[in-house]
Number of protein chains: 2
Amino acid sequence: MKLSTRGRYGVKAMFELALQYGQEPLSIKSISERQNISEYYLEQLFSSLRKAGLVTSIRGAQGGYVLSKPPSEITVYDILDVLEGPIEISECIEDDENCSRIEYCATRLLWIKIRDSVNQVTKSITLEDMVNDYKSMNLITNIKRGE
Amino acid sequence: MKLSTRGRYGVKAMFELALQYGQEPLSIKSISERQNISEYYLEQLFSSLRKAGLVTSIRGAQGGYVLSKPPSEITVYDILDVLEGPIEISECIEDDENCSRIEYCATRLLWIKIRDSVNQVTKSITLEDMVNDYKSMNLITNIKRGE
DNA sequence: TTTAAATCCGAGTAATTTAATATGATTTTC
DNA sequence: GAAAATCATATTAAATTACTCGGATTTAAA
């Protein structure tokens, strides 16, 4: 079980925007250079994020993207939901046709438990949390360096 | 984020063996018929499960597979680990090369949290739990039917 | 002792999804 | 007007997943 690059690249890119929040917009080009990700590919991801209302684009020269909301109001769940679609551990959860089988209920319950667990974690973490974690880690690193 | 058929079929098949635990072995053919899964494909999955020590094969006519351990000692984690490999939400967790970037620590921590959450759930659920859930659900259904 | 039912093993292929690329249009700042 | 950016859509490449196939071996039962 693994996230696709859509989700991974997307979260990283959104994290960059969170670090930049309140300042000038970030262009796709600069994000793709920092992270060594294909520019064209990132463009597709931002198209989805924009349509979902998570980022706002500023067109033209010196343009780019900014978060549509403060980092504290955007969760990892929001981002992954847009880029990876809802987490469906098994299609069995909603597909009734194949599910009139003997094992239906038992495995269905399992898939739901796994899904809920992931959703709970991703809904509980905001971009602000990630920025705070990042800053406090940097602080520790700097203190160590000073010793 | 979704489990592949390896994990889904595998858990369902292991659940069948758990229901059957203590009785005669179950053949791949009978499992594949009950669940409408390709016989050849299931065979591959059982090859992995056997090599991992989760099931024991009985060759020859009237043969099949049985669980190597009681259902209470086999977790969903054990099964998924064999069939899907360890859960790595992002390769970033162990791959150092790409991770000397600015966002390294922040997203890495996130992937670890998601992974741990899934592992915690799957390690906490045994085949016995699933059988018990299944039986109690059946009981409720039967009571309702009687009313 | 033969037959049938089963596992075992490895190779090969089809289908699907993911990832990336490309092109051209539009917008906006300088 | 030139340059820098988003926007939109189509196409291709790569990788993974799902499945199929053929034949060898083992063993219970007729």
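The numbering scheme is per chain: residues are counted from 1 as the chain's sequence reads. Chain letters start at A and ligand numbers start at 1, both assigned in the order the entries are written. With the structure being a predicted model, the display of local features is reserved for residues of pLDDT at least 70 and the display and counting of side-chain atom pairs for 80 or more, all residues being used for whole-chain, interface and lining totals. To obtain the side-chain values, all non-hydrogen atoms of the structure were used and water was disregarded.

A.B. asks: Residue-level account of the pattern of salt bridges, with values.
C.D. replies: All names here are of chain A. Counted as salt bridges are all cases of a side-chain nitrogen of Lys or Arg within 4 Å of a carboxyl oxygen of Asp or Glu. Counted under the stated rule, the structure contains six salt bridges over all chains. In this structure, Glu 16 engages Arg 34 in a salt bridge whose closest nitrogen and oxygen atoms are separated by 2.7 Å. Separated by 18 residues along the polypeptide, Glu 16 in helix H1 (residues 5-19) and Arg 34 in helix H2 (residues 28-35) bring together distant segments of the chain. For each residue, the accessible area found with a 1.4 Å probe, counting protein chains only, is set against the maximum for its type, and the residue is called buried under 20%, exposed over 50%, and partly exposed in between. Under the relative-accessibility criterion, Glu 16 is labelled buried at 1%. Assessed through its relative accessible area of 37%, Arg 34 is described here as partly exposed. Helix and strand definitions follow DSSP, with helices as H or I runs of at least four residues and strands as E runs of at least two, each counted in order from the N terminus.

A.B. asks: Tell me about the protein's contact with DNA strand C, and name the residues and values.
C.D. replies: Being near a molecule or strand, for a residue, means having at least one of its heavy atoms within 4 Å of it. Every one of the 25 residues lining DNA strand C counts as a neighbour, but A:Thr5, A:Gln44, B:Arg50, B:Ser57 and B:Tyr65 are closest to it. When atoms of DNA strand C within 4 Å of the protein are sorted by moiety, sugar and phosphate together comprise 65%. Contacts to DNA strand C include A:Tyr9, whose side-chain N or O atom sits 3.4 Å from a phosphate oxygen. Residue polarity follows a fixed list, in which Ala, Val, Leu, Ile, Met, Phe, Trp, Tyr, Cys and Pro are nonpolar, Asp, Glu, Lys and Arg are charged, and the others, Gly among them, are polar. A per-class count over the surface near DNA strand C returns eight nonpolar, twelve polar and five charged. Pairs of N or O atoms within 3.5 Å make up the polar contacts considered here, provided that, within protein, one atom can donate a hydrogen while the other can accept it, and that residues adjacent in sequence are counted only when both atoms are side-chain atoms.

A.B. asks: Can you break down the packing of helix H1 (residues 5-19) of chain B against helix H3 (residues 39-51) of chain B residue by residue, with the values?
C.D. replies: Each packed pair of helices is defined by two parameters, the angle between the axes and the distance between the axes. Residue and element names in this part refer to chain B. Relative orientation of the contacting elements H1 and H3 amounts to 75 degrees, with a least axis distance of 10 Å. As summarised for this structure, H1 and H3 are arranged roughly perpendicular, according to the angle between their axes. For the pair H1 and H3, contact is made by Thr 5, Arg 6, Tyr 9, Gly 10, Ala 13, Met 14 and Leu 17 and by Tyr 41, Leu 42, Leu 45, Phe 46, Ser 48 and Leu 49, respectively. For the contact of H1 with H3, the residue count by class is nine nonpolar, three polar and one charged. Fitted lines through C-alpha atoms give the axes, limited to the stretch in contact for helices. The angle between two N-to-C directions lies from 0 to 180 degrees. Comment on the angle field: the value is read as roughly parallel under 35 degrees, roughly antiparallel over 145, roughly perpendicular from 65 to 115, and oblique elsewhere. Residues count as neighbours in contact if any of their non-hydrogen atoms are within 4.5 Å of one another.

A.B. asks: Kindly report on the protein's contact with DNA strand D, identifying the contributing residues and their values.
C.D. replies: As a matter of local geometry, DNA strand D sits amid 26 residues, with A:Arg50, A:Ser57, A:Tyr65, B:Thr5 and B:Gln44 nearest to it. Sugar and phosphate atoms constitute 65% of the interface atoms of DNA strand D, taking the interface as everything within 4 Å of the protein. One of the side-chain N or O atoms of A:Arg59 is found 3.0 Å from a base oxygen in DNA strand D. In the model, a base nitrogen of DNA strand D is placed 3.4 Å from a nitrogen or oxygen of the A:Ala61 main chain.

A.B. asks: Can you explain the nonpolar core? Please cite residues and give values.
C.D. replies: Judged by nonpolar contacts, the single largest core of 74 residues is most densely connected at A:Met14, A:Phe46, B:Met14 and B:Phe46. Contact partners of A:Met14, with chain neighbours within four places excluded, come to A:Leu49, A:Leu54, A:Val55, A:Leu67, A:Ile74, A:Ile79 and A:Leu127. Working definition of a nonpolar core: buried Ala, Val, Leu, Ile, Met, Phe, Trp, Tyr and Cys residues. They are joined through side-chain atoms within 4.5 Å.

A.B. asks: Go over the interface of chain A and chain B, please, and point to the residues and values.
C.D. replies: The interface of chain A with chain B comprises 40 residues on the first partner and 40 residues on the second. What gets called buried area is simply the loss in accessible area from a 1.4 Å probe that two parts show on being joined, summed for both. With both chains or domains summed, chain A and chain B bury close to 4,000 Å², and 69% of this area falls on carbon and sulfur atoms. Connecting chain A to chain B are two salt bridges. Note that B:Asp133 is salt-bridged to A:Lys113, the shortest N-O span being 3.8 Å. One can count one residue pair in polar contact (both at pLDDT 80 or more) joining chain A with chain B. Counting only elements with at least two residues in the side of chain A that touches chain B, the list comes to H1, H2, helix H4 (76-84), helix H5 (104-124) and helix H6 (127-146) of chain A. Top contributing element to the side of chain A that touches chain B by residue count: H5(A), with twelve residues. Of the residues contributing to the side of chain A that touches chain B, the split by class is 21 nonpolar, seven polar and twelve charged.

Structural measurements only, silent on function.
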